[in-house]
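Fold and geometry: a report
Each chain, written out:
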Amino acid sequence: MGGLEEQLGRDLDAIRDAGLWRELRQVESAQAARITLGGREWINFSSNDYLGLAGHPALGQAAKEAVERFGTGSGASRLVCGSLQPHHELEATLAGWLGAESALAFSSGFAAAQGALTSLLGQGDVVILDKKAHASMIDAAKLSGATLRVFRHNDLGNLEQRLQWAAAQGGRVLVATESLFSMDGDRAPLAGIVELKERYGAWLMLDEAHALGLYGPLGQGLAAIDGLAKRIEIRMGTLGKAVGAAGGFICGSGSLIELLVNKARSFIFSTAPSPAASAAARAGVELIQGGEGESLRAQLWQRVEELRRGVESLGWSAPAGPSSILPLIVGGEAKAMAMMEKLREAGFFIPAIRYPTVARNEARLRVTVSASHTSGDVQGLLDALGQAVTR
Ligand SMILES: *Cc1c(COP(=O)(O)O)cnc(C)c1O
């Protein structure tokens, strides 16, 4: 046994020995294509700020105005006295953008997943998750008390087997997946999933964290461009990635949102998001839908294409569709860390992603591209990669 310090010391040693040590690094600048750390400037290929909105003046202005009018804190949960105008305006904007009856803002995407799954499911129900679904949905599914089943990543045949089994259990059945996967940059076969969940009378929860703002003429995500949005019961997103602010949301029918207001514990027992964050998020969503959003997307896809061609010529494979997430799968944890260090020496900031975020021996460098990168940034990265690769 031993005292707390001694036990924690052993836990920490085990993490270190497994090559899974993590630590925080203080960034001394705003989130952008270039960031400052330890007094040095780095070219940043690690952010989810895909359109460069986190530092955009229009969002900053919206946040400042909200602070002036509503202060910095919300003061209470939404159901007490913290349901401020910026929250309601954000929710109306989100619902309009995504063509949903209603939307509900949470403090984070993580909280949104937790609130939704625990409100909709309980003992006797079944939740079927894609093997690569995000931790927020896995944890929420476990917390819900429903029976958890996993289907092989993007495998419709395997999903159908799970649905057949689940339908015989007699409870509610919910399938949960992402539209664009956060660590692989690949897409779910949405049309097939929607068809299957309908055939078996199940519901679908779709996490569009990495697709919103990027795909479709108004950046509404992959469900919208496939014309499937109306057939998906629960749509989830974050306001902290392409939208450039902070928070998360669920959108869907009016009764879904009313149910969450009444049951979602991560909504009810949590202070409302700051008015500045909600106002900035709304400004981000409006910008995404306008002409500037469109040209930022065009810029982003150009950079993505340049990087894709470059990494393919270095012998890596890239996701099938256009994706701002490009995983360079290295394999072993130590090898990924070594490669990350080589790129650091060349001035590029790219994280090595390891277990438990991805499966063991699938460690990777997760390169994310933003509209604020230049062609020169991409070329520089390709040169550094060419030199760092020893494979
Ligand atoms: C980031 C992320 C979330 C969580 O959203 P936050 O707002 O950051 O809490 C949920 N799902 C996926 C796929 C994500 O990448």
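Provided above is the structure to which this section pertains.
Residues numbered from 1 in each chain as written. Predicted model: local features only at pLDDT ≥ 70, side-chain atom pairs only at ≥ 80, totals over all residues. Heavy atoms only, no water.

Okay, the environment of Glu-345 next. With respect to the helices and strands, Glu-345 occurs in helix H14 (residues 333-345). Spatially, the C-alpha atoms of Glu-345 and Ala-388 are 10.0 Å apart, while their sequence positions differ by 43 residues. (Helix = DSSP H or I, 4+ residues; strand = E, 2+ residues; numbered from the N terminus.)

With that settled, consider the site of the ligand. Residues in close proximity to the ligand total 14 residues, the closest being Gly-109, Asp-207, His-210, Thr-238 and Lys-241. Between the ligand and Phe-110 there is a distance of 2.9 Å, counted from an oxygen atom to a backbone nitrogen or oxygen. Between Asp-207 and the ligand, the recorded distance is 2.5 Å, taken from a side-chain N or O atom to a nitrogen atom. For the ligand, whose accessible area on its own is 380 Å², the fraction buried by protein is 83%. Looking at the shell around the ligand, its residues break down into three nonpolar, eight polar and three charged. (Near = heavy atom within 4 Å. Polar contact = N/O pair within 3.5 Å; in protein donor to acceptor, adjacent residues only side chain to side chain. Areas by Shrake-Rupley, 256 points an atom, 1.4 Å probe, with all protein chains shown as cover. Nonpolar A, V, L, I, M, F, W, Y, C, P; charged D, E, K, R; others polar.)

Right, let's get into the packing of helix H13 (residues 291-313) against helix H15 (residues 375-388). Here H13 crosses H15 at 20 degrees, and the two axes come no closer than 10 Å. As judged from the angle between their axes, H13 and H15 are roughly parallel. For the pair H13 and H15, the crossing hand works out as right-handed. Here H13 contributes Arg-303, Glu-306, Leu-307, Gly-310 and Val-311 to the contact with H15, which in turn contributes Ser-375, Val-378, Leu-381, Leu-382 and Leu-385. A class-by-class count of the residues in the contact of H13 with H15 yields six nonpolar, two polar and two charged. (Axes fitted to C-alpha atoms, helices over the stretch in contact; angles between N-to-C directions. Parallel < 35°, antiparallel > 145°, perpendicular 65-115°, else oblique. Left-handed = near helix turned anticlockwise from the far one by under 90°. Contact = heavy atoms within 4.5 Å.)

The next subject is the packing of helix H2 (residues 57-70) against helix H12 (residues 275-289). For any two helices packed against each other, one specifies the inter-axial angle together with the distance between the axes. Contact geometry of H2 with H12 gives a least axis separation of 8 Å together with a crossing angle of 145 degrees. H2 and H12 meet at a crossing whose hand is right-handed. Note on element contacts: H12 touches H2 through Pro-275, Ala-276, Ala-279, Ala-280, Ala-283, Gly-284 and Leu-287, opposite Ala-58, Leu-59, Ala-62, Ala-63, Ala-66, Val-67 and Phe-70. Considering only residue class, the contact of H2 with H12 consists of 13 nonpolar, one polar and no charged.

Right, let's talk about unusual backbone geometry for a bit. Peptide bonds are, in most cases, trans, and in most cases residues other than glycine have a negative phi. Between Tyr-355 and Pro-356 the backbone carries a cis peptide bond, its omega angle lying at 5 degrees. Inspection of the secondary structure assignment puts Pro-356 in the loop between strand S12 (352-353) and strand S13 (363-368). Although it is not a glycine, Asn-154 sits at a positive phi angle of roughly 60 degrees. Inspection of the secondary structure assignment puts Asn-154 in the loop between strand S5 (147-151) and helix H7 (156-167). The backbone phi angle of Asn-361 is positive, close to 60 degrees, even though this residue is not glycine. With respect to the helices and strands, Asn-361 occurs in the loop between S12 and S13. Look at Asn-361 and you get exposed, because its relative accessible area is 55%. (Buried < 20%, exposed > 50% of the residue type's maximum accessible area, 1.4 Å probe, protein only.)

For the coordinates displayed, the defined rule picks out four aromatic pairs. On the basis of an interplanar angle of 70 degrees and a centroid distance of 5.9 Å, the ring pair of Trp-42 and Phe-349 is categorised as edge-to-face. Within this pair, whereas Trp-42 is found in strand S2 (residues 40-44), its partner Phe-349 is found in strand S11 (residues 348-349), the two being separated by 307 residues in sequence. Across the pair, exposure class does not vary: Trp-42 and Phe-349 are buried alike. Geometrically, the ring pair formed by Phe-106 and Phe-267 is edge-to-face, given 5.7 Å between the ring centres and 65 degrees between the ring planes. A residue pair is termed long-range when its members are at least 10 positions apart, and Phe-106 in strand S3 (residues 102-106) and Phe-267 in helix H11 (residues 265-268) qualify at 161 residues. (Phe/Tyr/Trp six-rings, centres within 6.5 Å; stacked < 30°, edge-to-face > 60°.)

Once that is clear, we can look at the pairing of strand S6 (residues 173-178). The element S6 is largely enclosed, with a buried count of six among its six residues. Burial along S6 is two-sided: Val-173, Val-175 and Thr-177 and Leu-174, Ala-176 and Glu-178, pointing in opposite directions, are all buried. As paired strands, strand S4 (residues 126-130) and S6 are joined by four bridges and run parallel to one another. For Ile-128, the partnering residue across the bridge sits in S6 and is Val-175. (Pairing = 2+ DSSP bridges.)

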